[in-house]
Amino acid sequence: ISMSVAGFVFNFDIQVKEVNDKVGLSAELFYADAQDDTASTTVTVRNAAPYFTVDPAESPASASTTPVNVGGSLTFIATADDAEGNDYYLLFCDQDGATPANGAAPSCDNTQFCVSGATTAGNQSTCTYTNVADPSAETQAWVAYVCDNHSSEAECVATSNSGSGNSGTPFYVNHAPSFTAVNTTVDNQVPDSPFTFTGTVTDGDIEGGADMLEFYVCDTNSWATSTGCAGTELCYGTSTSPNVACNYSAPIPTADQAYTYYAFVKDWHEMPASGNSQTSNYTVANAAPTVSAVSLTNG
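Described below are features of the structure shown in this document. Since this is a predicted model, take the numbers as computed values, not measurements.

**As for the pairing of strand β17 (residues 212-218)**
- For β17, a buried count of six out of seven residues is recorded, marking the element as mostly surrounded by other parts of the structure.
- For β17 and strand β20 (residues 233-240), the ladder comprises seven bridges, and the chain directions are antiparallel. For leucine 213, the partnering residue across the bridge sits in β20 and is serine 239.
- Pairing of β17 with strand β22 (residues 258-267) involves six bridges; the strand directions are antiparallel. Across the sheet, the residue bridging to valine 217 is alanine 263, located in β22.

Printed below as a string of structure tokens:
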């Protein structure tokens, strides 16, 4: 029998002998030369995930008074490093869960807002969420990941990062006012007397206070949020939801007939109303003639 203890090998020779009609055991112990053991070990170091060195942030930061418009754009920034010097991607999602891709950009497990291009380790990365979707609520939570572009063992940071302060989660979203109709609520006026145009408008956003609505009445169906009426502006008014109105007086002289006008609405975040333009008519009433500058001549 051979036994190895602490690197030494011991051999036992056990024999069965008959002594005085009895069976007994005898053992002889032989020492075998001990030999040093040699261990061979291979260690494989797995690729390590990149890590944030500067927390992710909105740039510029959104707020209740400076939200991003539905359909607009929002830019995110962050800086990360990587122990192996691999390039990394910056990824923004609506909730936890990200999947790396070997040698390529990662993806969110749920809704993805944006992912950057490959960025050199240690440098700032940027990605832009374009065509911001309508989250119904006025705020939208976000989380950020950094993932490397390792060719065979791509990794994402284990814990998401949501930034901090005003530039951290959530971002604020502004919705378009709803503009459904315009009416001439004071009509049939003679020149130089005021007409009243009233827009049926609602705006449900209340973060940072009720949105101020801006109401433009134009003589043509052409208008822009930045420049107003392309033709003649008949009147302009402001109000908080619901509804907004303005007054217009036709100049003297103006023929007594119906005139078409076009109304437009935007909120104070430069978001045009969802109903685009609404149109209606006003009617100038016949006015009695007036006599002025009378002079007498001979005869």
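Here the narrative resumes, following the displayed structure.
**Details of the state of the cysteines**
- All told, the structure shown has five disulfides when counted by the stated rule.
- Two residues share a disulfide in this structure: cysteine 93 and cysteine 108, whose sulfurs sit 1.9 Å from each other. The chirality of the disulfide connecting cysteine 93 with cysteine 108 is left-handed, given an S-S dihedral of about -85 degrees. Of this pair, cysteine 93 sits in strand β7 (residues 88-93) while cysteine 108 is found in strand β9 (residues 104-108), placing the two residues 15 residues apart along the sequence.
- Disulfide partner of cysteine 218: cysteine 229, at an S-S distance of 2.0 Å. Taking the sign of the S-S torsion, -75 degrees for the link of cysteine 218 and cysteine 229, the bridge is left-handed. Highlighted residues: cysteine 218 in strand β17 and cysteine 229 in strand β19 (residues 228-229), separated in sequence by 11 residues.

**What to know about the pattern of salt bridges**
- A complete count under the given rule lists three salt bridges for this structure.
- For glutamate 270, the salt bridge is made with lysine 266, and the minimal N-O distance between the two is 3.0 Å.
- Residue class for lysine 266 comes out buried when judged on its relative accessible area of 4%.
- Members of the salt-bridge network, linked through shared partners, are Arg46, Glu153 and Glu155.

Calculation criteria
- Residues numbered from 1 in each chain as written.
- Predicted model: local features only at pLDDT ≥ 70, side-chain atom pairs only at ≥ 80, totals over all residues.
- Heavy atoms only, no water.
- Buried < 20%, exposed > 50% of the residue type's maximum accessible area, 1.4 Å probe, protein only.
- Helix = DSSP H or I, 4+ residues; strand = E, 2+ residues; numbered from the N terminus.
- Pairing = 2+ DSSP bridges.
- Disulfide = S-S within 2.5 Å.
- Salt bridge = Lys/Arg side-chain N within 4 Å of Asp/Glu carboxyl O.

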